[in-house]
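Working through the structure, step by step
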Amino acid sequence: MCGIVGFTGDKQAAPILLDGLSKLEYRGYDSAGIAVRNGESDVEIVKAKGKLKVLQEMTNNGAAVNGCCGIGHTRWATHGEPSSLNAHPHASDDENVVAVHNGIIENYQELKEKLTKRGYTFKSQTDTEVAVKLVDYYYKKYNEGPVDSIARAMTRIRGSYALCVMFKDYPGEIYTARKDSPMIIGVTDGETYVASDVPAILKYTRNVY
Ligand code: GLU
């Protein structure tokens with residue numbers, strides 16, 4: 001179980017995500033990644049195996065990734081080897097749903113088989129990609145929006161998790177859910193932060209939930 005940081009507001013997200021993830025480095029991790037969106041444009045996902053420094057260099061400390069809404073993750077592999085492919089964020093094929101996840105989905109194999117029968121394919125070995133595609137499945141099946149599709153997925157997922165999710169149809173918004181894994185939300189003037197642990201966002205706000 002490792003680090004999650006999310007940001008949406010008026011500032012550039014990528015430098016904030018990388019800074020926040022650096023505050024969670026003490027937890028140990030094997031890879032890192034960010035997904036950032038500039039308004040309604042397509043989400044940009046950058047991932048790298050190894051230290052956060054690699055991701056920082058790839059993105060010029062975040063300056064190369066434009067947008068004010070994003071999620072970031074440092075991964076401690078539980079399902080699948082440490083690699084840039086298995087690193088988070090994971091996305092549905094059409095990038096309708098993009099998410100990062102801490103924790104373990106115990107019944108991921110069973111869910112993966114069900115989703116495969118419904119036409120989903122999987123690029124990574126992670127349990128996380130299964131959760132992403134399950135949310136996407138419910139989102140499209142019931143057309144009830146982000147909260148209900150995450151809630152439906154949560155009723156099917158067994159295990160512990162903290163999730164941060166972005167939806168193509170909801171630019172500038174981040175949805176989060178958790179069960180037996182920590183996640184906090186920090187709010188300040190027009191800006192919202194999400195993190196799996198306080199040090200990641202302490203510099204920006206002490207107004208946390
Ligand atoms: N189970 C997930 C994976 O292996 C998340 C691990 C974590 O908490 O970093 O990708």
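Structural data are supplied above this passage.
Here's what I pulled together on the structure shown here. Fair warning: this is a prediction, and the values are worked out from it, not measured in the lab. (Residues numbered from 1 in each chain as written. Predicted model: local features only at pLDDT ≥ 70, side-chain atom pairs only at ≥ 80, totals over all residues. Heavy atoms only, no water.)

1. Brief notes about the sheet that holds strand E10 (residues 191-195)
- Taking strand neighbours across the sheet as the criterion, the six strands line up as E3-E2-E4-E1-E10-E9 in an open arrangement whose pairing is antiparallel. At either margin of the open sheet sits one strand with a lone partner, and together these are strand E3 (44-49) and strand E9 (184-188). Geometrically, the sheet is characterised by an average inter-axis angle of 10 degrees between neighbouring strands, direction not taken into account.
- Pairing of strand E2 (residues 31-37) with E3, which is carried by six bridges, proceeds in the antiparallel orientation. Residue Val-36 lies in a different strand from E3, and its bridge partner there is Glu-44. (Pairing = 2+ DSSP bridges. Helix = DSSP H or I, 4+ residues; strand = E, 2+ residues; numbered from the N terminus. Axes fitted to C-alpha atoms, helices over the stretch in contact; angles between N-to-C directions.)

2. A few points about the packing of helix H3 (residues 108-117) against helix H4 (residues 127-142)
- Between H3 and H4, the shortest axis-to-axis distance is 9 Å and the interhelical angle comes to 45 degrees. Considering the angle they form, H3 stands oblique to H4. In the packing of H3 onto H4, the handedness of the crossing is left-handed. Each of Tyr-108, Leu-111, Lys-112 and Leu-115 in H3 lies in contact with H4, whose residues at this interface are Asp-127, Val-130, Lys-133, Leu-134 and Tyr-137.
- The residue inventory of the contact of H3 with H4, partitioned by class, reads six nonpolar, no polar and three charged. (Parallel < 35°, antiparallel > 145°, perpendicular 65-115°, else oblique. Left-handed = near helix turned anticlockwise from the far one by under 90°. Contact = heavy atoms within 4.5 Å. Nonpolar A, V, L, I, M, F, W, Y, C, P; charged D, E, K, R; others polar.)

3. Description of the site of the ligand
- Surveying the vicinity of the ligand reveals 15 residues, the closest of which are Arg-75, Thr-78, His-88, Gly-103 and Asp-127.
- With respect to the ligand, the backbone of Trp-76 contributes an N or O atom lying 2.9 Å from an oxygen atom.
- A distance of 3.1 Å separates an oxygen atom of the ligand from a polar atom in the backbone of His-79.
- Here the ligand, which alone exposes 300 Å², has 100% of that area covered by the protein.
- One can see that the ligand is located within the largest cavity.
- Elements that contribute at least two residues to the shell around the ligand include exactly strand E4 (69-75), strand E6 (97-105) and H4.
- With three residues, E6 is the largest single contributor of residues to the shell around the ligand.
- For the shell around the ligand, the residue count by class is four nonpolar, nine polar and two charged. (Near = heavy atom within 4 Å. Polar contact = N/O pair within 3.5 Å; in protein donor to acceptor, adjacent residues only side chain to side chain. Areas by Shrake-Rupley, 256 points an atom, 1.4 Å probe, with all protein chains shown as cover. 1 Å grid on protein atoms, 1.4 Å probe; cavity = no way out; pocket = protein on both sides within 12 Å on 5 of 7 lines; lining within 4 Å. Sits in = over half its atoms within 2 Å of the grid points.)

4. So, the pairing of E4
- Most of E4 sits out of view: seven of its seven residues are buried.
- Residues of E4 alternate between two faces, with Cys-69, Ile-71, His-73 and Arg-75 on one and Gly-70, Gly-72 and Thr-74 on the opposite face, all of them buried.
- Direction of pairing for strand E1 (residues 3-8) relative to E4: antiparallel, over a ladder of six bridges. When the sheet's bridge partners are listed, Gly-3 is paired in E4 with Thr-74. (Buried < 20%, exposed > 50% of the residue type's maximum accessible area, 1.4 Å probe, protein only.)

5. Describing the layout of surface pockets
- Considered as a void within the structure, the largest pocket measures approximately 160 Å³ in volume.
- Every residue lining the largest pocket is counted, 14 residues in all, and those nearest its centre are Lys-47, Pro-89, His-90, Ala-91 and Lys-123.
- Within the residue set of the lining of the largest pocket, elements represented by two or more residues are E3, strand E5 (90-91) and H4.
- Here the lining of the largest pocket is composed, by residue class, of four nonpolar, four polar and six charged. (Points joined across faces, edges and corners; volume = space filled by probe spheres on them.)

6. Comments concerning empty space enclosed by the protein
- Applying the stated criterion to the full structure yields one cavity of 30 Å³ or more.
- Of the volumes computed, that of the largest cavity is approximately 100 Å³.
- Lining the largest cavity are 16 residues, and of these Trp-76, Thr-78, His-88, His-101 and Gly-103 lie nearest its centre.
- Mapped by element, the contributors of at least two residues to the lining of the largest cavity are E4, E6 and H4.
- Here the lining of the largest cavity is built from residues that sort into four nonpolar, 10 polar and two charged.

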